[in-house]
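Here is how the chains run, residue by residue.
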Amino acid sequence: MPELSAALLFATGAATGLVGAMLGLGGGVFLVPLLTLALGVPIRAAIAASLISVIATASASATVNLNRGLVNMRLGLVLEVATSVGGLMGGLAASRLTQRQLFLTFGITLAVMGVLMAARSGKRNVIADLDVDPGVLGGRIREGEKTYVYRVKRLPVAMSSSLAAGAVSGLLGLGGGIIKVPVLNTFCGIPIRVAAATSTFMIGVTAAASAFLYWSRGDVALGLTAAVCLGALPGSLLGAHLSERVNARYLKLLMAVVLLVVAVRMALEGR
Amino acid sequence: MSQPTALDRVIEGVLSVGLLCSSALLAAGLLSGRQGLLSAGVVLLMMTPLARVVVVTIDLLRQRDWPFAATSLWILGVLLFSLYMAWRLQAATA
């Protein structure tokens, strides 16, 4: 592994944490490509560092989101049943894949989600009628002066995407928000801010389910991980605060563009 | 869902304490170059979500919200199983 200064790693962590939190992701989706492609860190060490910093950033963003009442805790609990199992399986499977397979899987995963996000950027998922019963898992969200009600649709889709998100998290060091947020928003009727907040709430648990395994395999490079985490924390807190001021539509489009660019770079690395 | 509940506050507290303590350890480890502090910081960070699940589970059990308490227990079980697997892996490589 190349000698990298703690300051550079700190800055990398801060930048990815900021952008990640603004998009409702842990930031691993940008951290792993940056560490591997730009800084030459071996992909396994990058994934392990990302997983641990994802725990830090997701927990930090979760405190902000809980405070705003954006987290749908019941829905989060139900979906964590699937993500935690996925995270465990991904963490166990990770040691069986080669570097190249990891890069390719990473690229393909991002490309699919980017396309999905771009296609749905103009839709809304809330019901303006306040008398609608949100059901056991649904809820209400306030946006400006208005309160909207949403119901959770297609729970099995939400559960399977959460399982997949957990597996991707354990395998690639992403929190899995990259899969859950678009699916919850697109197919399950959950407003993007609630989807992002609830996903972030779950991500700490998802990442922890596989982080223990990386730790015991000796993949966690301590200095690297510490510097990245320390940068990611303030970055993600700032990002979570800023996310409220960003228009949801632009948020989705921005996410789509970034995903596609990163996807191509990662896939090229896996050729 | 626009006002934080009492449980939201407790979770917020658990996460904040875990984050503050682990980042203090990580910063001290980086500045002093002591690996022990870095390890402790990383381990504490990995344990923070586990602590959150424990708190939520206890709260749901106290509320006698059985379906959701069972849900939370399942998640706790998965995390503990992962810890057990990690412990076995480490024992095998040591």
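Residues numbered from 1 in each chain as written. Chains lettered and ligands numbered in written order. Predicted model: local features only at pLDDT ≥ 70, side-chain atom pairs only at ≥ 80, totals over all residues.

A. Up close: helix α1 (residues 6–32) of chain B. Residues and elements named next belong to chain B. Between its first and last C-alpha, α1 extends 39 Å over 27 residues, near the 39 Å set by a 1.5 Å rise per residue. Among all positions of α1, only Ile11, Val14, Leu15, Gly18, Leu19, Ser22, Ser23, Leu25, Leu26, Gly29 and Leu30 are buried. Two residues or fewer past α1, Gly33 is found with a positive phi of approximately 75 degrees. (Helix = DSSP H or I, 4+ residues; strand = E, 2+ residues; numbered from the N terminus. Expected span 1.5 Å × (residues − 1). Buried ≥ 20, exposed ≤ 12 C-beta atoms within 10 Å, placed from the backbone.)

B. Main features of helix α8 (residues 192–216) of chain A. Residues and elements named next belong to chain A. Here α8 contains 25 residues, and its C-alpha end-to-end distance of 36 Å stays within 8% of the 36 Å for a straight helix at 1.5 Å per residue. In the structure, α8 departs most strongly from a straight axis at Met202, where the bend amounts to approximately 35 degrees. With respect to burial, α8 is a largely interior element, 24 of its 25 residues being buried. Looking at the residues trailing α8, positive phi occurs at Gly218, about 80 degrees. (Bend = angle between axes of the 7 residues up to and from the residue.)

C. Layout of the interface of chain A and chain B. Contacts between the two partners involve 44 residues from chain A and, on the opposite side, 42 residues from chain B. Here the residues of the side of chain A that touches chain B are counted per class, giving 27 nonpolar, 12 polar and five charged. (Contact = placed C-beta atoms within 7 Å. Nonpolar A, V, L, I, M, F, W, Y, C, P; charged D, E, K, R; others polar.)

D. Region of interest: the confidence of the model for chain A. With 87% of its residues at a pLDDT of 70 or more, chain A has an overall mean of 82. Predicted confidence in chain A is weakest over strand β1 (residues 139–143) of chain A, with a mean pLDDT of 71, and strongest over helix α4 (residues 73–93) of chain A, with 92. (pLDDT = per-residue confidence, 0-100.)

E. Layout of the confidence of the model for chain B. A residue-level look at chain B finds 96% of positions with pLDDT of 70 or above and a mean pLDDT of 91. Overall fold confidence for the complex sits at a pTM of 0.86, while the interface term, ipTM, reaches 0.91.

F. Representation of the environment of B:Leu80. Residues and elements named next belong to chain B. Within the element layout of this structure, Leu80 appears in helix α3 (residues 66–93). With 13 C-beta atoms counted inside 10 Å, the residue Leu80 sits in the partly exposed group. Distance in space between the C-alpha atoms of Leu80 and Leu50 is 8.5 Å, their sequence separation being 30 residues.

G. Fine view of the nonpolar core. Judged by nonpolar contacts, the single largest core of 119 residues is most densely connected at A:Ile52, A:Ile55, A:Ala208, A:Ala211 and A:Cys229. Per-element tally for this core: the top contributor is α8(A), with 17 residues. Setting aside residues no more than four positions away along its own chain, A:Ile55 makes contact with A:Gly204, A:Ala207, A:Ala208, A:Ala211, B:Leu45, B:Met46, B:Thr48 and B:Pro49. (Core = buried A, V, L, I, M, F, W, Y, C linked by C-beta atoms within 7 Å.)

H. Region of interest: the packing of α1(B) against helix α2 (residues 35–62) of chain B. All names here are of chain B. Relative to each other, α1 and α2 sit at 175 degrees, their axes nearing to 8 Å. With respect to each other, α1 and α2 are oriented roughly antiparallel. A per-class count over the contact of α1 with α2 returns 18 nonpolar, six polar and two charged. (Axes fitted to C-alpha atoms, helices over the stretch in contact; angles between N-to-C directions. Parallel < 35°, antiparallel > 145°, perpendicular 65-115°, else oblique.)

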